Amino acid sequence: MELSGSEIIIQFLKDEGVKHIFGYPGGAVLHIYDALQKQTDVEHILVRHEQGASHAADGYARATGKPGVCLVTSGPGATNAITGIATAYMDSIPMVVLTGQVPSHVIGQDAFQEVDAVGVSRPCVKHNFLVKDLSKLAETLKKAFYVATTGRPGPVVVDIPKDITAPHIKIPYEYPKQIEMRSYNPNFKGHPRQIKRAVELMLAAKRPMIYTGGGIIMADASQELREFVHKLGFPITQTLMGLGAFPGTDPQFIGMLGMHGTYEANMAMHECDVLIAIGARFDDRITGVTSKFAPYAQIIHVDIDPASISKTINADIPIVGGAKQVLTEMLKQLENTDLEIDQSALDGWWKRIKSWQAQESFAYEKKEGLIQPQEAVEELYKVTKGDAYITSDVGQHQMYAAQFYHFDEPRRWINSGGLGTMGFGLPAAMGVKLAFPDKDVACITGEGSIQMCIQELSTCLQYDLHVKVINLNNRYLGMVRQWQEFFYEKRYSHVYMDSLPDFVKLAEAYGHVGIRVDDPKDLHDAMVEAFKLKDRTVFLDIITDQEANVYPMISAGKAHNEMDISPLQQARQAALKEKGELV
Amino acid sequence: MRHIISLLVENEAGALSRISGLFSARGYNIESLTVATTEDQTLSRMTIITTGSDRIIEQITKQLNKLVDVVKLQDITEGNYIEREMMFVKVKAEGDTQRGEVKRLSDIFRARIIDVTDTTFCIELTGSGSKLDAYIKALHENNIIEVVRSGSMGILRGEKALTL
């Protein structure tokens, strides 16, 4: 079959099984858009800003496990997409970004809408390509998908000069089913002897702790993880990126860890003697100060990326391998071993953990006539029966969402953990809704974040992407305000959002439903109403307490056992101390 | 600790910037970097001289290995190795005394004079970095017009080799 470059791109996407792409046309991609117009297999979603395209593709990838694809033009098209590419890179999300480029013969001449997209994206992609030869186009696209989706996944940019896509130049096309790259061979298996040592160490533990991250979700290893955790009976904590891999409502799950994790998870991290880390990368928001991290623990670290092992925290037993394969092997070895768990030590350990749990570190005070952000998330959890896909932006609302929406399934919790990108939530929710039109999809956001990509409300209308925006509106950039309260003696520098738009009217202007709630007693009905409107996008503007803070908190330079705790928890600790029951 | 990392890299545009970009983005030291194609035109051989603690060097090798363009890599300072650097020095050479002095010094260092004018010599010298340093020191500083150093290359001794 003889095809032009543009037709090759579209045909390749079909052959690769791509159903949806997110994009925005422009001069350098006009040929591709013309080819796109002539078919119906690949559906294109026209966003309102290229950042929205990359976030939407990212959300789509996170929810489905399939690579997200976007198509943008050269120059500003490419640079606008960068934030979304960097977001995907930090969270290891498989994504392929096709950027148009000026024609080959003018590259380097500062042509109109020219930017060195390969150079600009280089630090925030897993790999990138500039297609210089039409005959290499299909192979390069295949390489892009292969690299993006295997090993530790990540975004790949393919920069395509306009002449490569010219409609009149046709060459034979065949879908490259397989690709070999001598320089790229991800290892999935894990060294059997290292795994054996790890199994021996975990069975000898007195105070074991399992700590898992987004790697479990990327590897689709939730089932294996559940079996593993249940078999051992150990406590498990998950990172912000890992929530849902193990059920949030399972009694063995002791909450998220890290800067705003539960008291019990952080205390257990500090006190454990064996730490089993799988698909997590000991990021600084997890470890607190590294010199005081898990001081009594021997550490087993399973990761598909060798560079993640012993990067910030030294691993005693490093295992390079895919989470799924390594967990399967561990389960097999656990089945066949004569070694036994020290059950009485484990019981004692659980007793200590339960005593920390009893302090209820997430407890907050409800106030009459004033909605607490936590109760809004709790209400959302109840109304959606814990079964919705939740995306979030970045800030306090993101932490409240992670703390109060208990994810029982993987790929339900979609947020920018690594890069912390405000503006991620709404376009990501569009991507999710496109993939799962029959599911409830809500974007938990704040009045700061939502305004960073609010233009995508227009895309929601065009493509019937009926997401629910849960705007926790405290008129402050809440997380920054919290830090200014704690560390800058309440000098609130440029965090108050004066002159906010009327979000209800704004939603209506975009053709959606807007509902404002400012009283706790109206919260339930408003939520129910929002989700009852199945075929409408609803913007729920929830006016919340301006000075609510996220607790617990590990501040800079502090260890896991040096958390700042909420006033309520402090009172509870004092009461327990009085009774002599504080552990 | 100083390390010599040898790499086989896909001979493709952008490979060099990926590698140098990695060093600047992650704040690793880079003392020198040399690169040229090998007998296989699809491969480039690169030698990077870097310094850092064992932990940093481990990260550097892991991060380099992660780059899709890097085919193979070895820290050759872990074995027996040969290291050489090449240098061109252009010096003032005016009058018999000065010309004789530079010539003698070059003989002592086994340097070769490869270009001559009425007033200058251009000298080629190969050796370890410290030998090159010593030669520069031995020349009178104000006689030096120009110094060009290649950066070090390294290769393992014996039968061991960095090949595909």
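Residues numbered from 1 in each chain as written. Chains lettered and ligands numbered in written order. Predicted model: local features only at pLDDT ≥ 70, side-chain atom pairs only at ≥ 80, totals over all residues. Heavy atoms only, no water.

**Notes on the overall build of chain B**
Counting its regular elements, chain B contains four helices and nine strands. Along its sequence from the N terminus, chain B presents helices and strands in the succession β-α-β-β-α-β-β-α-β-β-α-β-β. Dimensions of chain B, computed from the C-alpha atoms along their principal axes, are close to 55 × 35 × 35 Å. Within chain B, the fraction of its 164 residues that count as buried is 43%. (Helix = DSSP H or I, 4+ residues; strand = E, 2+ residues; numbered from the N terminus. Buried < 20%, exposed > 50% of the residue type's maximum accessible area, 1.4 Å probe, protein only.)

**What about the interface of chain B and chain A?**
Facing 21 residues of chain B, the contacting portion of chain A comprises 21 residues. For the pairing of chain B and chain A, the buried interface totals around 1600 Å² over both sides, and the portion due to carbon and sulfur atoms is 44%. On the chain B side of the contact with chain A, R18, R55 and V68 of chain B bury the most area, a combined 40% of that side's loss. Applying the counting rule to chain B against chain A returns two salt bridges. D305 of chain A is the partner of K66 of chain B in a salt bridge, and the nearest nitrogen-oxygen pair spans 2.7 Å. Where chain B touches chain A, the interface holds 10 residue pairs in polar contact (both at pLDDT 80 or more). For the side of chain B that touches chain A, the secondary-structure elements that each account for two or more residues are helix 1 (15–25), helix 2 (54–66) and strand 4 (70–75) of chain B. The dominant element in the side of chain B that touches chain A, judged by the number of residues it contributes, is helix 2 of chain B, at six residues. Here the side of chain B that touches chain A is built from residues that sort into seven nonpolar, five polar and nine charged. (Contact = heavy atoms within 4.5 Å. Buried area = accessible area lost by both parts, 1.4 Å probe. Salt bridge = Lys/Arg side-chain N within 4 Å of Asp/Glu carboxyl O. Polar contact = N/O pair within 3.5 Å; in protein donor to acceptor, adjacent residues only side chain to side chain. Nonpolar A, V, L, I, M, F, W, Y, C, P; charged D, E, K, R; others polar.)

**Observations concerning helix 1 (residues 5–15) of chain A**
Residue and element names in this part refer to chain A. A large share of helix 1 lies buried, amounting to eight of its 11 residues. Considered for burial, the residues of helix 1 that qualify are G5, S6, I8, I9, I10, Q11, F12 and L13. Downstream of helix 1 by a residue or two, G17 has a phi angle that is positive, lying close to 85 degrees.

**A short note on the sheet that holds strand 1 (residues 2–10) of chain B**
Residues and elements named next belong to chain B. As summarised here, the arrangement of the four strands in space is 2-3-1-4, forming an open sheet in which the pairing is antiparallel. Edge positions in the open sheet fall to strand 2 (32–37) and strand 4, since each of these has one partner strand only. Going across the sheet, the axis of each strand differs from the next one's by a mean of 15 degrees, ignoring polarity. As judged from the nine bridges shared by strand 1 and strand 3 (residues 43–51), these two strands associate in the antiparallel manner. The residue bridging R2 from the neighbouring strand is T51, located in strand 3. Relative to strand 3, helix 1 is tilted by about 15 degrees, and along the sheet it contacts strand 1, strand 2, strand 3 and strand 4. Against the sheet, helix 2 engages strand 1, strand 3 and strand 4, with an angle of about 160 degrees to strand 4. (Pairing = 2+ DSSP bridges. Axes fitted to C-alpha atoms, helices over the stretch in contact; angles between N-to-C directions.)

**Observations concerning the pattern of salt bridges**
When the charged atoms of two side chains with opposite charge come close together, those side chains can pair. All told, the structure shown has 40 salt bridges over all chains when counted by the stated rule. Note that E489 of chain A is salt-bridged to R491 of chain A, the shortest N-O span being 2.8 Å. Residue E58 of chain B is joined to K62 of chain B by a salt bridge in which the shortest nitrogen-to-oxygen separation is 2.9 Å. Taken as a pair, E58 of chain B and K62 of chain B lie in helix 2 at a separation of four residues, close to a single helical turn. With a relative accessible area of 37%, E58 of chain B lands in the partly exposed category. Through salt bridges with shared partners, a single ionic network connects D58, R62 and D91 of chain A.

**Remarks on a nonpolar patch on the surface**
Where nonpolar side chains cluster on the molecular surface, the patch consists of M86, F88, I114 and V148 of chain B and spans about 300 Å² of accessible area. Checked against the element boundaries, M86 of chain B lands in strand 5 (residues 81–92). (Patch = residues over 30% accessible without salt bridge, like charges linked within 9 Å, V, L, I, M, F, W, Y side chains within 5 Å. Areas by Shrake-Rupley, 256 points an atom, 1.4 Å probe, with all protein chains shown as cover.)

**Brief notes about the environment of Y389 of chain A**
Residues and elements named next belong to chain A. Note that Y389 resides in strand 15 (residues 389–392). As for Y389 and E409, which are separated by 20 residues in sequence, their C-alpha atoms are 9.7 Å apart. When residues no more than four places from it in sequence are discounted, the contact partners of Y389 are A63, R411, R412, I414, V432, F436, K439, D440, V441 and A442.

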